[in-house]
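In case you want the letters, here they are:
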Amino acid sequence: MEKETAEQIAKSYVAMGHSVELINGIIANTKMVNEDPEDKEDTVKRNVEHLEIMIAKDYWTNENMTAVNKAIVDGKAYLA
């Protein structure tokens, strides 16, 4: 398997930020406001899973994962 480039890692980190923003927005009722609750829950579930997969990657160095970890915890609480 090829090693991720710095550019690919940076893009992955940005994509994680988009998932964090979406999870937080759904919880705060500022994103997907007019969607069915089932659609919101499915979106949160998929994005939490994405973050869990991505945070487990071994190529992270000094990236701040505080918001990512919080979104995972908050997303799981939202789904409970």
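Quantities reported herein were computed from a predicted structural model and do not represent experimental measurements.

Enquirer: Even after reading the chapter, I still don't get helix 3 (residues 66–79), so can you show me in this structure?
Expert: An α-helical segment advances 3.6 residues per turn. Residues three or four places apart therefore align on the same side. The first and last C-alpha atoms of helix 3 sit 20 Å apart over 14 residues, in line with the 20 Å expected at 1.5 Å per residue. Of the positions making up helix 3, those classed as buried are Val68, Ala71, Ile72 and Gly75. Within helix 3, the buried residues cover an arc of 100 degrees as seen down the axis, which keeps them to one side. Opposite the packed face of helix 3, turned more than 90 degrees from it, sit the exposed residues Thr66, Lys70, Val73 and Ala77. Summarising the contacts, the buried residues of helix 3 are in contact with helix 1 (6–27) and helix 2 (37–55).

Enquirer: Just checking my understanding: could you explain the packing of helix 2 against helix 3 for this structure?
Expert: Packed helix pairs are specified by the crossing angle of their axes together with the interaxial distance, meaning the distance between the axes. The geometry of helix 2 relative to helix 3 is characterised by a closest axis approach of 9 Å and an angle of 145 degrees between their N-to-C directions. As for how helix 2 packs across helix 3, the hand of that crossing is left-handed. Along the contact surface, helix 2 presents Lys40, Glu41, Val44, Lys45, Val48, Leu51, Glu52 and Ile55, while helix 3 presents Val68, Asn69, Ala71, Ile72, Gly75, Lys76, Tyr78 and Leu79. Looking at the contact of helix 2 with helix 3, its residues break down into nine nonpolar, two polar and five charged.

Enquirer: In this structure, what is going on with unusual backbone geometry? I would like to understand it.
Expert: Leaving glycine out, the prevailing phi sign among residues is negative, and the prevailing peptide bond configuration is trans. With phi around 60 degrees, Asn29 is a residue other than glycine that occupies positive phi space. Relative to the helices and strands, Asn29 resides in the loop between helix 1 and helix 2. Taking the relative accessible area as the measure of exposure, Asn29 reaches 43% and is therefore partly exposed.

Enquirer: I keep staring at the packing of aromatic side chains and nothing clicks. Help me out?
Expert: What characterises a pair of aromatic rings is the spacing of the ring centres plus the angle enclosed by the ring planes. This model, assessed by the stated rule, comprises two aromatic pairs. Aromatic rings pair up to connect Tyr13, Tyr59 and Trp60 into one cluster.

Enquirer: So what exactly am I meant to see when it comes to the pattern of salt bridges here?
Expert: Side chains bearing opposite charge may pair, as long as their charged atoms lie close to each other. Inspection of every chain in the model, using the stated rule, returns six salt bridges. For the salt bridge of Lys45 with Glu49, the shortest nitrogen-to-oxygen distance reads 2.8 Å. Remark: Glu49 and Lys45 occur in helix 2; sequence separation between them is four residues, near one turn of the helix. Take Lys45: its relative accessible area is 42%, and that puts it in the partly exposed class.

The rules behind the values
- In this numbering scheme, every chain counts its residues from 1 along its sequence in written order.
- With pLDDT at 70 or above as the cut-off, local features in this predicted model cover only qualifying residues; side-chain atom pairs require 80 or more to be listed or tallied, and sums for whole chains, interfaces and linings still use all residues.
- To get the side-chain values, all heavy atoms of the structure are used, and hydrogens and water are removed first.
- Numbered from the N terminus, helices here are DSSP runs of H or I no shorter than four residues, and strands are runs of E no shorter than two.
- Each helix should span, by expectation, one fewer than its residue count multiplied by 1.5 Å.
- When a residue's accessible area, from a 1.4 Å probe over protein chains only, is under 20% of the maximum for its type it is buried; when over 50% it is exposed; and in between it is partly exposed.
- By definition, the arc is the one covered by directions from the helix axis to the C-beta atoms.
- Contacts are assigned to residue pairs with any non-hydrogen atoms lying within 4.5 Å of each other.
- Working convention: axes come from line fits to C-alpha atoms, limited for helices to the stretch in contact. Angles between N-to-C directions cover 0 to 180 degrees.
- The crossing is said to be left-handed when, going from far helix to near helix, the turn is anticlockwise and less than a right angle, and right-handed when the turn is clockwise.
- Charged means Asp, Glu, Lys or Arg here, nonpolar means Ala, Val, Leu, Ile, Met, Phe, Trp, Tyr, Cys or Pro, and polar covers whatever is left, Gly included.
- Note on ring pairs: Phe, Tyr and Trp rings are taken, using the six-membered ring of Trp, and paired if centres are within 6.5 Å. Classes follow the plane angle, with under 30 degrees stacked, over 60 edge-to-face and the rest tilted.
- Criterion for a salt bridge: a side-chain nitrogen of Lys or Arg within 4 Å of a carboxyl oxygen of Asp or Glu.

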